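Chain and residue survey
Given next are the chains, with one letter for each unit.
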Amino acid sequence: MIICPECCSAKRAKIPGCDNGCKYFSPLIVRSRRGNPPEFPIHYCLVSRSRDTGMLIVVGTRKRPDGNLKAMFLLIDLWKKGVRDCFYDANMSEKQFERACQRFGNSYTEPEHAIPEEEKEQDEKERESEKKDERQDFIRIPRNTLIIEAETAMHFDDGVNIVEDEGASNRRAIDSARNARAIYEVYIPKRGKWYVWIRTFYKSGSQDSYWVGIEDVEPYPWDEKGGPNAIKIWSVRGENNWNRWLWDTSTHPQGKSVPGYFRVKRPGYYRVWSKGREPGTRLDQILLTRSRRYNPETASEGKPIPTLTQPHPYEPATFEECKKLISHAVEISKAVETEFPWEFKYWLNDIWGDIREFPKHEGSLYKCQKCEEELPDQAVDLIKQHAHSDDIQFYILCRKCGGEFD
């Protein structure tokens, strides 16, 4: 039977004996089972932020010589079944990778709690009110402009605090201790100069500066004290910028008519970061634009620029942390006899290496679903008994978290 490559990919492993009997695909199976070491350097290690459903998405990518990625998205269930699903792609652009991150993150990690009807109506009224406010406060921005909400970082260092502020966008901003970073994942669609502005609140002459950077991108003017890729943004002496929100940019050698910029060499997925320099300086929004002449302070009269953004669904993790999570999920799958996805069996080594070298899981097979402490054998046996019962939902806590409901 003649079949196109797309249909083959979609139906593979769903037809009994298809893979083993296919003269095109079976050599790939043999090759993957030999356990060859990964060819390319590790690029991203991410873990989904949501943990209140027991589901986690572990993401690993390796960078190919052509700039594209090999990527594996692994859905694991640490409350019941272990390894549940796997998606692997051997050749993804960074833009395709970002879309896949958002798609999988939104599909699997949002908790499914019942919302009372009165709360739904209230939420709907608030959304309508927000839309009305956005229409009234419409601010024009040039094409190829990116706006990042400071509180939506995928990772906060210790020392970064989200603060309530009526003058900030969404009524929230961040206040960072010196050298404490907030990290954002941003897709930058064009190469060239990207000029940077921040919406900030300066309290005084000793609380009026921030660092902003983009990893692996050349900054200008570079501030060495901020570390690699850092641009310093601060209030120029003599300017009356204290005790108010405003849009500000770096003090450029050619004057403020030329904002500081980052020279991006190729379109792609980048980590943008802010770093505290003087605690007490609040950060609301970061704006990157290709337009050298655009001045958001003039365009908005110092107001926030409305955006529709949400926190990135993942946070960075180390290679070892990801392998520990995978090892834990594999042990659960073996204990409750969950069938491993074929993509997981064939391609795990290509991203994560030899599973025999993964760190072994320690402690009870399942953990307290609130504090992740050990559970007694009786509780673990109960979970194993009902691990594949989709019609039975349970929430088991340790004695400390269970309290009177133990």
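Just so it is clear, the structure is predicted and the values come from calculations on it, not from any experiment.

Contact geometry of helix α7 (residues 319-336) with helix α8 (residues 342-352) gives a least axis separation of 13 Å together with a crossing angle of 160 degrees. Considered as vectors, α7 and α8 are oriented roughly antiparallel to each other. Our pair here, α7 against α8, has a crossing hand that is left-handed. Along its contact with α7, which presents Phe319, Cys322, Lys323, Ile326 and Val330, the element α8 presents Phe344, Leu348, Ile351 and Trp352. A per-class count over the contact of α7 with α8 returns eight nonpolar, no polar and one charged.

This paragraph deals with the packing of aromatic side chains. Evaluation of the coordinates by the stated rule reveals 14 aromatic pairs. Summarising the aromatic geometry, the rings of Phe87 and Phe104 are spaced 5.2 Å apart at their centres and angled 50 degrees between planes, so their arrangement reads as tilted. Taken together, the residues span a long stretch of sequence, with Phe87 in strand β4 (residues 82-92) and Phe104 in helix α4 (residues 94-108) at a distance of 17 residues. Residue classification places Phe87 among the partly exposed residues on the basis of a relative accessible area of 29%. By the ring-pair criterion, three or more aromatic residues cluster together here, those being Tyr44, Phe73, Phe87, Phe97, Phe104 and Tyr269. The ring of Phe104 carries Arg103 above its face, with NZ or CZ at 4.8 Å from the centroid. Across the ring face of Trp211, the terminal group of Lys275 is positioned such that the distance to the ring centre comes to 5.6 Å.

What follows concerns the pattern of salt bridges. Pairs can form between side chains of opposite charge whenever their charged atoms are close. Tallying each qualifying case throughout the model produces 13 salt bridges. Linking Glu166 and Arg171 is a salt bridge whose minimum nitrogen-to-oxygen distance equals 3.4 Å. A salt bridge links Arg199 to Asp284; the shortest N-O distance between them is 2.8 Å. Within this pair, whereas Arg199 is found in strand β10 (residues 192-202), its partner Asp284 is found in strand β17 (residues 282-289), the two being separated by 85 residues in sequence. According to the relative accessible area criterion, Arg199 is buried, its value standing at 3%.

With 37 residues, the main nonpolar core has Met72, Ile76, Ile326, Phe344, Trp352, Tyr366 and Leu375 as its most contacted residues. Taken together, the elements giving at least two residues each to this core come down to β1 (42-48), β2 (55-63), β3 (69-77), β4, α7, α8 and α9 (377-385). Contacts of Met72, omitting those with residues within four sequence positions, involve Val58, Val59, Gly60, Cys86, Phe87, Tyr88, Glu343, Trp347, Leu348, Ile351 and Trp352. Counting residues in each nonpolar core, the second largest holds 29 residues, with Val196, Val212, Val264 and Leu283 among its members.

Bringing the sheet that holds strand β13 (residues 230-234) into the picture now. For sheets, the rule is that strands pair by backbone hydrogen bonds, running either parallel or antiparallel. The sheet built from five strands is open, its strands ordered β6-β9-β16-β11-β13 with antiparallel pairing. Looking at the sheet topology across the chains shown, the edges are occupied by β6 (155-156) and β13.

Moving on to the sheet that holds β3. As summarised here, the arrangement of the five strands in space is β4-β3-β2-β1-β18, forming an open sheet in which the pairing is antiparallel. Each having just a single partner strand, β4 and β18 (314-316) make up the two edges of the open sheet. Neighbour-to-neighbour, the strand axes of this sheet turn through a mean angle of 20 degrees, independent of strand direction. Inspection of the sheet shows β1 paired to β18 by three bridges, in the antiparallel sense. When the sheet's bridge partners are listed, Val47 is paired in β18 with Glu315. Here α8 sits on the sheet in contact with β1, β2, β3 and β4, set at roughly 125 degrees to β3.

Take a positive patch on the surface next. Side chains of Arg143, Lys190, Arg191, Arg263, Lys265 and Arg290 sit close together on the surface and give a patch of like positive charge. Assignment of secondary structure puts Arg191 in the loop between β9 (181-188) and β10.

Looking now at the pairing of β4. Looking at chain direction, β3 and β4 are connected through eight bridges and run antiparallel. Among the inter-strand pairings, Leu75 is bridged to a residue of β4, identified as Asp85. Here β3 folds back onto β4 in antiparallel fashion, the turn holding four residues.

Moving on: the side chain of Asp284. Using a relative accessible area of 0% as the deciding quantity, one classes Asp284 as buried. Among the polar contacts made by the side chain of Asp284, one reaches the main-chain amide nitrogen of Ser169 at a distance of 2.9 Å. Those residues in contact with Asp284 that sit more than four places away from it in its chain are Ile148, Glu149, Ala150, Glu151, Ala168, Ser169, Arg172, Ala173, Arg199, Trp245 and Pro304.

Moving on: α9. Listed in full, the buried residues belonging to α9 are Ala379, Val380 and Ile383. Down the axis of α9, the smallest arc covering the buried residues is 100 degrees, so these residues share one side. Turned more than 90 degrees away from the buried face of α9, the exposed residues are Asp377, Gln378 and Gln385.

Per-chain confidence: the protein chain averages 80 in pLDDT, with 77% of residues scoring 70 or above. In the model, residues 27-34 has pLDDT below 50 throughout and makes 10 contacts with residues more than four positions away in sequence or in other chains. Scored below 50 in pLDDT, residues 130-136 shows two contacts in the model against residues more than four places distant or in partner chains.

A word on α8. Among the 11 residues of α8, 10 are classified as buried, and the element is accordingly described as predominantly covered. Along α8, the residues classified as buried are Trp342, Glu343, Phe344, Tyr346, Trp347, Leu348, Asn349, Asp350, Ile351 and Trp352.

What follows concerns unusual backbone geometry. The residue after Tyr220, namely Pro221, is reached through a cis peptide bond having omega 0 degrees. Looking at the secondary structure, you find Pro221 in the loop between β12 (218-220) and β13. The residue Asn170 is not glycine, and still its phi comes out positive at about 60 degrees. With respect to the helices and strands, the residue Asn170 is situated in the loop between β7 (160-164) and β8 (172-176). Unusually for a residue other than glycine, Asn229 sits at a positive phi of about 70 degrees. Mapped onto the secondary structure, Asn229 falls in the loop between β12 and β13.

What counts and what doesn't
Residues numbered from 1 in each chain as written. Predicted model: local features only at pLDDT ≥ 70, side-chain atom pairs only at ≥ 80, totals over all residues. Heavy atoms only, no water. Axes fitted to C-alpha atoms, helices over the stretch in contact; angles between N-to-C directions. Helix = DSSP H or I, 4+ residues; strand = E, 2+ residues; numbered from the N terminus. Parallel < 35°, antiparallel > 145°, perpendicular 65-115°, else oblique. Left-handed = near helix turned anticlockwise from the far one by under 90°. Contact = heavy atoms within 4.5 Å. Nonpolar A, V, L, I, M, F, W, Y, C, P; charged D, E, K, R; others polar. Phe/Tyr/Trp six-rings, centres within 6.5 Å; stacked < 30°, edge-to-face > 60°. Buried < 20%, exposed > 50% of the residue type's maximum accessible area, 1.4 Å probe, protein only. Lys NZ or Arg CZ within 6 Å of the ring centre and 35° of its normal. Salt bridge = Lys/Arg side-chain N within 4 Å of Asp/Glu carboxyl O. Core = buried A, V, L, I, M, F, W, Y, C linked by side-chain atoms within 4.5 Å. Pairing = 2+ DSSP bridges. Patch = residues over 30% accessible without salt bridge, like charges linked within 9 Å, V, L, I, M, F, W, Y side chains within 5 Å. Areas by Shrake-Rupley, 256 points an atom, 1.4 Å probe, with all protein chains shown as cover. Lys, Arg positive; Asp, Glu negative; His and termini not counted. Charge placed at Lys NZ, Arg CZ, Asp CG, Glu CD. Polar contact = N/O pair within 3.5 Å; in protein donor to acceptor, adjacent residues only side chain to side chain. Arc of directions from axis to C-beta. pLDDT = per-residue confidence, 0-100.

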